Structure formats: C-alpha cells, structure tokens
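Each chain, written out:
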Amino acid sequence: MLQAVLALIFLAPLVWVVVCSVSPQPGSSQSSGWGFANYLKLAHYQEGLLHYVLNSVIVTVIAVVFSVVVCTLAGYSFSRFRYPGRNLGFMVTLSILMVPYASLLIPMMVWFKNIGLNDSLVGVGLVLTLFQLPMGTFIMRIAFNTVPKSLEEAALCDGCNSFTALVRILVPSVLPSMITVGLLAFLEAWNNFMIPLYLVGSENAPLPLAMVNMRSQALGAIDYGITEAGVVVLMIPCAFLFLALQKYYVRGFMSGAVKG
C-alpha cells in the first residue's frame, strides 16, 4: 500500500504535465479545446525542434561514451593495479564533487575559446564528462573490487594481457555498473541547462536551453503550454531508458554492497 502511495506521489506531477500540455490554457497556442497546438509551435520554434533535439543527442552521446570508457578504465586501474599515488589519484578524482561546477564555467569558456572549442557541442560533452568522473569512477572501482581476481589471473595465464582480460573477462562481469554509469551520464547530459548556457550560443543550444528561450512571450509573459510540451519531449527518452534499464541500474548500484 505504501509503495502504491509513493508511486502516485511521484507520478502525479508527470501526469499533470502531460495533461496540461494538451489542455486549453490562456496565453498559449492551445487557448481553446484540447489538442497538440503547443507541440506544433514547439516543432517550428526558430531552428525547429529536431535541430535542438539533435544538439541534445550529440552532447549526450559524447558524454555517455566518454563517461563509460574513461570511468571503466579509471575504475579498473584504481582497483587492480598497485602504483605510487594510486589512492591520491582516486581522492583527487573524487574531490571534483566538492567543486561547484558553475564556478568553473567562466574559466572554461575562456579556455575553450583559446583552443577552438567555444560554442561547440563537443566542448559541452567533454565538460559534462568531467563532472561525471567522480561518481562513475567510484561506481566502477567498487564493481571491479567485487570480481574475483582469479578470473583475471586465469585469463592472463591463457595468454591475455591486461587490456584483453578487461574486455573479454571483466567487462561482462561489471556490465550492470557500466550501464549505471552510462544512464547517470545520460540523465545529466540530456537535462543539463547550466553548462550549455555558458558554453554555446542559441544555434547550438540543446533542448533544455532552447526551452528557456522559447518560454517567454511578449511583455515577459510565460507560455506555459509550450514549456510543458517541451518538458514532455525531454521526459520521454529519460522514462523509456530508465524503465528499459531498471534492472541493470539497480544491480549496478548494489554492486559491492555485499562482497563474497
């Protein structure tokens, strides 16, 4: 019973947004009757909805791929190898969590301008990857710690090197944790507003940034209809991926909770 009540509490705002996006609202494109006028306005806003969705897809793919690859390699290194400064490097990586990323965006904007990544979707994806490193590396290190070293040693005895043992033996064992890291990176990159606000212009804006620009009408009035339609568009891939990968997501977070 309690679970059902909690589910209703969390689902109620989502249902409310979907209903309001197609219901009549004064000051919106859907001023009378029920329909999809807000979605039509959203689809034809400036560069077009597909343009902004494509920008979001590019940023998200870059962030997810780099986050999964870098965090997997970093977690493998911190878990399996013994070298001077290993624990210090791990602590420095985790210390990124203590830095408010808003304080780094202006210096990064200046630096990116000097290296040619200003107003670049690639630059946004790389910055998003940077702030995914602490949690992603932490998750992957715990995941590798739970895998018996005997599996890797057997692969090394069969002629594998460390990299091939990682790819063929260890990656299948830590796949739920890799999916968890990728899903966290996806949610952050797909919905992030602050980083694109500083690093890209209106043409390269991903959908969250474009929504802020399109929500204002004349005289500062807010078009809630198009805002709610944009929220629904942003919500659909997040909900789909979370539901599709839920079992991996839970297993990835639980990895390392019980060892042995």
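Residues numbered from 1 in each chain as written. Predicted model: local features only at pLDDT ≥ 70, side-chain atom pairs only at ≥ 80, totals over all residues. Heavy atoms only, no water.

**Observations regarding the nonpolar core**
No. 1: Among the nonpolar cores identified, the biggest contains 35 residues, and Leu 42, Val 124, Val 127, Leu 128, Ile 195 and Leu 207 are the most heavily contacted of them.
No. 2: If you tally residues by element for this core, the top one is helix α12 (residues 224-244), at six residues.
No. 3: Excluding residues that lie within four positions of it along the chain, Val 127 makes contacts with Leu 105, Met 108, Phe 112, Ile 195 and Leu 199.
No. 4: Among the nonpolar cores identified, the runner-up in size contains 14 residues, and Met 140, Ala 143, Leu 170 and Val 181 belong to it. (Core = buried A, V, L, I, M, F, W, Y, C linked by side-chain atoms within 4.5 Å. Buried < 20%, exposed > 50% of the residue type's maximum accessible area, 1.4 Å probe, protein only. Helix = DSSP H or I, 4+ residues; strand = E, 2+ residues; numbered from the N terminus. Contact = heavy atoms within 4.5 Å.)

**Looking at the environment of Leu 94**
No. 1: Topologically, Leu 94 is positioned in helix α4 (residues 86-94).
No. 2: In contact with Leu 94, not counting residues within four places along its chain, are Pro 134 and Phe 138.

**Describing helix α11 (residues 207-214)**
No. 1: Counting buried residues along α11, six of its eight residues qualify, which places the element largely inside the surrounding structure.
No. 2: When α11 is considered as a whole, its buried residues turn out to be Leu 207, Pro 208, Leu 209, Ala 210, Met 211 and Met 214.

**With respect to unusual backbone geometry**
No. 1: A positive phi angle, near 55 degrees, is found at Asp 119, a position not held by glycine.
No. 2: As for its placement among the helices and strands, Asp 119 is situated in the loop between α5 (102-115) and α6 (121-145).

**Here's the deal with the side chain of Glu 228**
No. 1: With respect to the element layout, Glu 228 can be found in helix α12.
No. 2: Overall, Glu 228 belongs to the buried group, its relative accessible area being 8%.

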